[in-house]
Amino acid sequence: MCVHAHPDDESSKGAGMMARYVREGIEVLVVTCTGGERGDVLNPKMDRPEVQENLPRIRSEEMARAREILGVEQHWLGFVDSGLPDGWLPDSGTELPEDAFYLVPTEEAAAPLVEVMRSFKPHVVTTYDEEGGYPHPDHVKTHEISVAAFAAAGDPGRYPGLGEPWQPLKLYYSHSFGKARIEALHYAMVEAGLDSPYKEWMDAGDWTRDKSERVTTRVECAAYFDIRDEALKAHATQVDPDGFWFAVPREIQQKAWPTEDYELVETRIDSRLPEDDLFAGLR
């Protein structure tokens, strides 16, 4: 089970891993917490009035296409996108809309996720780290309810009436944009004589939020980057096929950084670190 904040997050964070496991015969469920209703149209080719007016429906349709490409199951939790006001941080005091996912008390917001965990019965759960991967209110809230649901799903005293208790065995945080990966891709582009999309990041040199050293598990999935890319392109309102996400040729990505990377933060079984498989100790 991979818990994500918005439609498109599943395709930009861990899609290669999911495509690999589906094709190995593993059942994979994406849980999408919100509908992305307050997201912006980030692809200039799609920035048209009729798209803006129908964004919730269009993002749902994009999710359906991406789901089919990846081969995963998918479940909407039904919370409302919080948006991302300028300058928002958890302690900034910046106001959010009153129906925002972020403002739902965690105990309440975790309930439908507990129900899905008890129904789907995952052995492995992935989500974002304590900062949401980056500070977006919906990503932070996704982290909070994922951790809460992982702890509660197997407890018969918690959330009675939401299904028979089921305890997932491993909880991971995804780490998609660590320093080590960015440097590897940047220098591979430079070596190939190409313009690196990461040059400004390298020049800025600010890695204070880097969590690369926390990675415990690197899942080889380079052979599935083509499926990942097609799933990402399905989210046409969010991703420009001629833009940043595809600036590094796939062949360079496959050679320079062929894995998607995770941090094992809780396990109910023995698993020797480092790992190359989210199901290490389970197979």
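Whatever comes next refers back to the structure up there.
S.K.: Any chance you could break down the overall build of the protein for me, citing the residues and the numbers?
M.R.: Each helix and strand counted, the protein has eleven helices and seven strands in total. Relative to the compact-globule value of 19 Å for 283 residues, the protein shows a C-alpha radius of gyration of 19 Å, a close match. By principal-axis analysis of the C-alpha atoms, the protein measures approximately 60 × 50 × 35 Å. The burial tally for the protein puts 51% of its 283 residues in the buried class. Within the protein, residue pairs in contact and separated by at least 24 positions form 80% of the contacts whose partners lie at least 6 positions apart. Roughly 13200 Å² of accessible area belongs to the protein as shown, and the carbon and sulfur atoms make up 50% of that amount. In the protein, which carries 29 positive and 53 negative side-chain charges, the distance between the mean positions of the two groups comes to 4 Å.

S.K.: Explain the packing of aromatic side chains to me, and be specific about the residues and the numbers.
M.R.: For the structure on display, the rule yields nine aromatic pairs. Taken together, a centroid distance of 5.1 Å and an interplanar angle of 85 degrees make the contact between W88 and Y102 edge-to-face. Here W88, found in the loop between β3 (73-79) and α5 (106-109), pairs with Y102, found in the loop between β3 and α5; they are 14 residues apart in sequence, far enough to count as distant. Given the relative accessible area of 5%, W88 is considered buried.

S.K.: Help me get a handle on empty space enclosed by the protein, residues and values and all.
M.R.: Following the criterion strictly, the structure yields two cavities of 30 Å³ or more and no others. Roughly 350 Å³ of volume is contained in the largest cavity. Lining the largest cavity are 25 residues, with S12, R181, R228, W245 and Q253 positioned closest to its centre. Put simply, the parts of the chain that give the lining of the largest cavity at least two residues each are α1 (9-12), α8 (179-191), α10 (225-234) and β7 (259-267).

S.K.: Break down the pattern of salt bridges for me, citing the residues and quoting the values.
M.R.: What the rule picks out here adds up to 24 salt bridges. One salt bridge in this structure joins R48 and E50, with 2.8 Å as the shortest N-O distance. The exposure class assigned to E50 is partly exposed, which follows from its relative accessible area of 41%. Each of R20, E24, D277 and R283 takes part in one network of salt bridges that share partners.

S.K.: Could you give an account of the environment of I252, naming the residues involved and the relevant values?
M.R.: Here I252 is to be found in helix α11 (residues 250-256). As a C-alpha pair, I252 and R272 span 20 residues in sequence and 30 Å in three-dimensional space. Apart from residues no more than four positions distant in its own chain, I252 is found in contact with A188, M189, A192, L194 and W257.

S.K.: Tell me about the nonpolar core, residues and numbers included.
M.R.: If you look at the biggest cluster of nonpolar residues, it comprises 25 residues, and the most contacted ones within it are M1, V31, L77, L113 and I145. Put simply, the parts of the chain that give this core at least two residues each are β2 (29-34), β3, α6 (111-120) and α7 (137-152). The element best represented in this core is α6, accounting for six residues. Setting aside its immediate chain neighbours within four residues, M1 contacts L29, V31, L113, V116, M117, F120, P122, V124, V125 and T126. Ranked by size, the runner-up nonpolar core spans 24 residues in total, among them V22, Y172, A231 and A234.

S.K.: How would you sum up a nonpolar patch on the surface? Please name residues and give values.
M.R.: A contiguous nonpolar patch, built from F177, W201, F244 and W245 and spanning about 370 Å² of accessible area, is present on the exposed surface. Along the polypeptide, F244 turns up in the loop between α10 and α11.

S.K.: Run through unusual backbone geometry, naming residues and quoting values.
M.R.: With omega at -5 degrees, the peptide bond leading from L273 into P274 counts as cis. Structurally, P274 is set in the segment after β7. The backbone of Y159 sits at a positive phi, close to 50 degrees, despite the residue not being glycine. Among the structural elements, Y159 can be located in the loop between α7 and β5 (170-174).

Criteria and cut-off values
- Residue indices begin from 1 for each chain and proceed along its sequence in written order.
- In keeping with the model being predicted, local features are shown solely for residues with a pLDDT of at least 70 and side-chain atom pairs are shown and tallied solely at 80 or more, while totals for entire chains, interfaces and linings include all residues.
- As a convention, hydrogens and water are excluded, and side-chain values are obtained from all of the structure's heavy atoms.
- Runs of H or I in DSSP of at least four residues are treated as helices and runs of E of at least two as strands, each being numbered from the N terminus.
- Taken over C-alpha atoms, the radius of gyration is set against a globule rule of 2.2 Å times the number of residues to the power 0.38.
- Only protein chains enter the accessibility calculation, which uses a 1.4 Å probe. A residue is then buried if its area is under 20% of the maximum for its type, exposed if over 50%, and partly exposed in between.
- By the convention used here, residues are in contact when the closest approach between their heavy atoms is within 4.5 Å.
- A 1.4 Å probe and the Shrake-Rupley method give the accessible areas. Residues count as covered only by the protein chains that appear here.
- In summary, the charge assignment counts Lys and Arg as positive and Asp and Glu as negative, without counting His or the chain termini.
- By convention, the point assigned to a charge is CZ for Arg, NZ for Lys, CD for Glu and CG for Asp.
- Two aromatic rings from Phe, Tyr or Trp, using only the six-membered ring of Trp, form a pair when their centres are within 6.5 Å; if the ring planes differ by under 30 degrees the pair is stacked, by over 60 it is edge-to-face, and anything between is tilted.
- Here a cavity is any set of points on a 1 Å grid over the protein atoms alone where a 1.4 Å probe fits but cannot get out, and a pocket is any open set with protein on both sides within 12 Å along at least 5 of 7 lines; a residue lines the site when it has an atom within 4 Å of a point.
- Grid points are joined across faces, edges and corners, and a volume is the space filled by probe spheres set on the points.
- For salt bridges, the criterion is a side-chain nitrogen of Lys or Arg within 4 Å of an Asp or Glu carboxyl oxygen.
- Throughout this description, the term nonpolar core refers to a set of buried Ala, Val, Leu, Ile, Met, Phe, Trp, Tyr and Cys residues connected via side-chain atoms within 4.5 Å.
- The patches described consist of residues with a relative accessible area above 30% and no salt bridge, like charges being joined within 9 Å and nonpolar side chains (Val, Leu, Ile, Met, Phe, Trp, Tyr) within 5 Å.

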